[in-house]
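Topology and contacts: notes
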Amino acid sequence: MSFLSRMLKQCRKPTGWLGEWTALRMNKGHAKLTVWGLSHLAIQKDDVILDVGCGGGATISRLAQTAPEGKVYGIDFSESSIKVAQKTNDELIEAGRAEIQYGSVSALPFPDNTFNLVTAVETYYFWPDLIADMREIKRVLKPGGSLAIIAEAYKGGKYEARNRKWVEEGKMAYHSVKEMGELLYEAGYVQAQVYEEYEQGWICGIGKKAV
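Residues numbered from 1 in each chain as written. Predicted model: local features only at pLDDT ≥ 70, side-chain atom pairs only at ≥ 80, totals over all residues. Heavy atoms only, no water.

Our next topic: the packing of helix 3 (residues 31-38) against helix 4 (residues 58-66). With their axes 11 Å apart at the nearest point, helix 3 and helix 4 run at an angle of 40° to one another. Overall, the two elements helix 3 and helix 4 adopt an arrangement that is oblique. For the element pair helix 3 and helix 4, the recorded crossing hand is right-handed. Contacts from Ala31, Thr34, Val35 and Leu38 in helix 3 reach Thr59, Arg62 and Leu63 in helix 4. Taken together, the residues of the contact of helix 3 with helix 4 break down into four nonpolar, two polar and one charged. (Axes fitted to C-alpha atoms, helices over the stretch in contact; angles between N-to-C directions. Helix = DSSP H or I, 4+ residues; strand = E, 2+ residues; numbered from the N terminus. Parallel < 35°, antiparallel > 145°, perpendicular 65-115°, else oblique. Left-handed = near helix turned anticlockwise from the far one by under 90°. Contact = heavy atoms within 4.5 Å. Nonpolar A, V, L, I, M, F, W, Y, C, P; charged D, E, K, R; others polar.)

One pass over the structure, following the stated rule, counts six aromatic pairs. An angle of 75° between the planes, with centres 5.9 Å apart, marks the rings of Tyr125 and Phe126 as edge-to-face. On the basis of relative accessibility, which here comes to 5%, the residue Tyr125 falls in the buried class. An aromatic cluster of three or more residues is present, and its members are Tyr73, Phe110 and Phe115. (Phe/Tyr/Trp six-rings, centres within 6.5 Å; stacked < 30°, edge-to-face > 60°. Buried < 20%, exposed > 50% of the residue type's maximum accessible area, 1.4 Å probe, protein only.)

With that settled, consider the pattern of salt bridges. Scanning the entire structure with this criterion turns up eight salt bridges. As a salt-bridge pair, Lys71 and Glu99 come within 3.4 Å of each other at their nearest N and O atoms. Note that Lys71 is positioned in strand 2 (residues 71-76) and Glu99 in strand 3 (residues 98-102), a separation of 28 residues in sequence. With relative accessibility at 32%, the residue Glu99 sits in the partly exposed group. Among the salt bridges present, the one from Lys178 reaches Glu182, with a minimum N-O distance of 2.4 Å. In this pair, Lys178 and Glu182 are both assigned in helix 9 (residues 177-186), four residues apart and thus about one turn of the helix distant. On the accessibility criterion, Lys178 (60% relative accessible area) is exposed. (Salt bridge = Lys/Arg side-chain N within 4 Å of Asp/Glu carboxyl O.)

With respect to the helices and strands, the residue Arg97 is situated in the loop between helix 6 (90-94) and strand 3. Accessibility expressed as a relative area gives 21% for Arg97, which makes it partly exposed. Considered as a pair, Arg97 and Glu69 are 28 residues apart in the sequence and their alpha carbons are 8.2 Å apart. Those residues in contact with Arg97, other than ones at most four positions away along the chain, are Ala64, Ala67, Pro68, Gly70, Lys71, Val72 and Leu92. Within the structure, Arg97 has its side chain in polar contact with the backbone oxygen of Pro68 (distance 3.3 Å). (Polar contact = N/O pair within 3.5 Å; in protein donor to acceptor, adjacent residues only side chain to side chain.)

This part is about the nonpolar core. By size, the foremost hydrophobic cluster in this structure holds 36 residues, and its most contacted members are Met134 and Ile137. Of all the elements in the fold, those that place two or more residues in this core are strand 1 (48-52), strand 2, strand 4 (115-121), helix 7 (130-140), strand 5 (141-151) and helix 9. Once residues lying within four places of it in the same chain are set aside, the contact partners of Met134 are Trp127, Leu147, Ile149, Leu183, Leu184, Ala187 and Tyr189. In this structure, Ile49, Val72, Ala148 and Ile206 belong to the second largest nonpolar core, which totals 24 residues. (Core = buried A, V, L, I, M, F, W, Y, C linked by side-chain atoms within 4.5 Å.)

The sheet built from seven strands is open, its strands ordered 3-2-1-4-5-7-6 with mixed pairing. Edge strands, defined here as strands with exactly one partner in the open sheet, are strand 3 and strand 6 (190-197). Within the sheet, the average angular offset between the axes of one strand and its neighbour, ignoring direction, is 15°. Relative to strand 3, strand 2 is paired through five bridges, and the arrangement is parallel. By the bridge assignment, Asp76 is partnered in strand 3 with Tyr102. Contacts from helix 7 reach strand 1, strand 4 and strand 5 within the one sheet, and its direction differs from that of strand 5 by about 140°. (Pairing = 2+ DSSP bridges.)

Pasting the structure below:
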C-alpha cells in the first residue's frame, strides 16, 4: 500500500495511535477552511447544531463559541476521532454544551426535526450513499434548518490535478460547483447555494430543509 493510500485510509476512518494523530492534525489543518465555510451561515446564539464526521472536534469548539446559548453535538464512526474530540471539548461536555458520540451519517441517532444546522467538514467524500445520507441529515433538521458541506477539494478547481490523484486513490466522492448544487436539490433541499474559493481550492454547499 502506497503512502498516499495509507494517509487516505486514515482520513476515511482514523484508527489507533496514528488515527489520533491524524485527528489532531485535522484540527489544525482544517481550521481556515472551516472558518471560511461557516462565514456563509447565519448561526444564531441558541442554535442546536450537529457536526457530522466531527474528527478531532475543533469544529465543535468553534460552533459552540458561535452559539453560546445553544448546544453542539458531534458524531463520528472512528473511535480514535471520538477520543480526541472528547478531549478537545472536555470543558464544553462537562458544562452540558457539547455531546460527542459514535454514529454513522447513514443512520443518525437523533429524532426527526432536532437541529437548526448540520455541518460536514472534509467528510462527505467518504459517505456510503451520498444522496441517501443527505436525506438522512434532512430528516434530523428542523424545518428551515440548513446543511453545510465544506470541503477543500472539488472538481474543476485550481488544484484539479492534485485532487484527481487523491480521488482516484481513495475512491472518494468528488463534485464540481454545479454538481454540488444539483446534489442538494436531488436530496430534497431548497434554496441551495454553493460558494467557491478558487485560490484556496475550497467549496461550501448549503441547502435548506423546506418549511
